[in-house]
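Below, each chain spelled out in residue letters.
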Amino acid sequence: MGPGQRPGKTQRRGPGAGLMVAIGIAGLALGVIIGVIVTAGQQADANQAISDAQNIQAGIDEQRAEIEADRAQVDKQRDEVAKREQALGDREAQVKEQEAALKQQQEQQQQQEQQQQQEEQEQENDGNGNGNPGTVFYWNCDAVRAAGAAPLPNTEPGYLPHLDRNNNGIACEDGE
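For clarity, every value in this text was computed on a predicted model and none was experimentally measured.

K.L.:
In this structure, what is going on with the overall build of the protein chain? I would like to understand it.
P.N.:
On a plain count of helices and strands, the protein chain comes out with two helices and two strands. What you see in the protein chain, going N to C, is helices and strands ordered as α-α-β-β. The buried share of the protein chain, taken over its 176 residues, is 7%. Pairs at least 24 apart in sequence give 17% of the contacts found in the protein chain among residues at least 6 apart. Element-wise, carbon and sulfur atoms account for 51% of the exposed surface of the protein chain, whose accessible area totals about 15,000 Å².

Dropping the structure here:
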């Protein structure tokens, strides 16, 4: 007991002290409630952020899958283009070979024709053929040139005065 207290008597408190305790408890309860509400709000915000992040990740995964599908398609098309280029190269080589063979065949044919023409001309000029060298006849200078006989001197078979316009003894000269 303290110095001014009486034994057997309890100390009485005034109505203000209980009210203060009640206000303190109420304040504490209100603080806890506000803390729970704030925590719940933050938890909801965190849950929303997690949900948003998951949605974004799902979108990224979808885009990644689309990119992979597009890449696979591009690779397939690239392979197809490479095969077509190879086939085109093979065809070009075949065409070049065929062109070379055709050119060689044409050259051989031209050579054969030239040989045949030379043989025919030799037969005509030798007099051993059906014709006589004196019986060659040209209608005009175009025929002389076509036969390869221009210019045609008056000493050659086939010379006719009507083909020599300037009467110099050479028929079907340039300009005639």
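K.L.:
Before we go on, may I ask you to explain the packing of aromatic side chains in this structure?
P.N.:
Where two aromatic rings form a pair, the distance of their centres and the angle of their planes describe that pair. Under the counting rule described, the total for this entry stands at one aromatic pair. Taking the centre distance of 5.2 Å and the plane angle of 85° together, the rings of Phe137 and Trp139 count as edge-to-face. The exposure class assigned to Phe137 is partly exposed, which follows from its relative accessible area of 46%.

K.L.:
Can you help me understand the state of the cysteines in this one?
P.N.:
Cysteine pairs can be linked by a disulfide, which is a covalent bond between their two sulfur atoms. Applying the stated criterion to the full structure yields one disulfide. One disulfide in the model links Cys141 with Cys172; its S-S distance is 2.1 Å. Given an S-S torsion of about -90°, the disulfide between Cys141 and Cys172 has left-handed geometry. One end of the pair, Cys141, is in helix H2 (residues 141-146); the other, Cys172, is in the segment after strand S2 (170-171), and 31 residues separate them in sequence.

K.L.:
Honestly, unusual backbone geometry in this entry has me stumped. Any pointers?
P.N.:
For residues besides glycine, phi is generally negative; the peptide bonds are generally trans as well. The omega angle of the peptide bond from Ala150 to Pro151 is -10°, so this bond is cis rather than trans. In the Ramachandran plot, Asn167 falls in the positive-phi region, its phi being about 55° despite a non-glycine side chain. Inspection of the secondary structure puts Asn167 in the loop between strand S1 (152-153) and S2. Judged by its relative accessible area of 64%, Asn167 falls in the exposed class. One non-glycine residue with positive phi stands out, namely Cys172, at about 60°.

K.L.:
Whenever I open this one, the nonpolar core confuses me. Can you help?
P.N.:
Taken as a class, soluble globular proteins show a tendency for nonpolar side chains to be buried jointly. Counting residues in each nonpolar core, the largest one holds eight residues, listed as Tyr138, Cys141, Val144, Leu152, Tyr159, Leu163, Ala171 and Cys172. With residues up to four places along the chain from it excluded, the contact list for Cys172 reads Cys141, Val144, Arg145, Ala150, Pro151 and Leu163.

K.L.:
Please clarify how the pattern of salt bridges should be interpreted in this entry.
P.N.:
Any two side chains of opposite charge can pair, on the condition that their charged atoms come close. Overall, the coordinates contain five salt bridges when judged by the stated rule. Taking the shortest distance from any N to any O, the salt bridge between Asp61 and Arg64 comes out at 3.8 Å. Pair noted here: Asp61 and Arg64 are both in helix H1 (residues 15-126), with a separation of three residues, about one helical turn. With relative accessibility at 37%, the residue Asp61 sits in the partly exposed group. Two residues, Asp75 and Arg78, come together in a salt bridge whose shortest N-O distance is 3.1 Å. On the criterion of helical spacing, the pair formed by Asp75 and Arg78 is a turn pair, its members being three residues apart in helix H1. The partly exposed category is assigned to Asp75, whose relative accessible area is 32%.

K.L.:
Explanation requested: the side chain of Asp164 in the structure shown.
P.N.:
Considering the arrangement of structural elements, one finds Asp164 in the loop between S1 and S2. One polar contact links the side chain of Asp164 to the main-chain amide nitrogen of Asn167, over a distance of 3.3 Å. Within the structure, Asp164 has its side chain in polar contact with the backbone nitrogen of Ile170 (distance 3.3 Å). Not counting chain neighbours up to four residues away, the residues in contact with Asp164 comprise Tyr159, Gly169, Ile170, Ala171 and Glu176.

Each value, and the rule that gives it
- Here the residue numbering is sequential within each chain, running from 1 through the sequence in written order.
- The model is predicted, so local features are restricted to residues of pLDDT at least 70 and side-chain atom pairs to those at 80 or more, both for listing and for counting; the totals for chains, interfaces and linings are taken over all residues.
- The basis for every side-chain value is the complete set of non-hydrogen atoms in the structure, without hydrogens or water.
- What counts as a helix is a DSSP run of H or I of at least four residues, what counts as a strand is a run of E of at least two, and both are numbered from the N terminus.
- Residue burial is assigned from relative accessible area. The probe radius is 1.4 Å, only protein chains are included, and a residue is buried under 20% of its type maximum, exposed over 50%, and partly exposed in between.
- In what follows, a contact means two residues having at least one pair of non-hydrogen atoms within 4.5 Å.
- All accessible areas in this document rest on Shrake-Rupley with a 1.4 Å probe, and a residue is counted as covered only by the protein chains that are shown.
- Centres within 6.5 Å make a pair out of two Phe, Tyr or Trp rings, where for Trp the six-membered ring is used; the pair is then stacked when the planes are under 30 degrees apart, edge-to-face when over 60, and tilted otherwise.
- Our working definition of a disulfide is a cysteine sulfur pair at a distance within 2.5 Å.
- Nine residue types can take part in a nonpolar core, namely buried Ala, Val, Leu, Ile, Met, Phe, Trp, Tyr and Cys, and a core is a set of them joined through side-chain atoms within 4.5 Å.
- The salt bridge definition used is simple: a Lys or Arg side-chain nitrogen within 4 Å of an Asp or Glu carboxyl oxygen.
- Two N or O atoms count as a polar contact when they lie within 3.5 Å, although within protein this holds only if one can serve as hydrogen donor and the other as acceptor, and sequence-adjacent residues are included solely when both atoms are side-chain atoms.

All we've got here are geometric facts, nothing functional implied.
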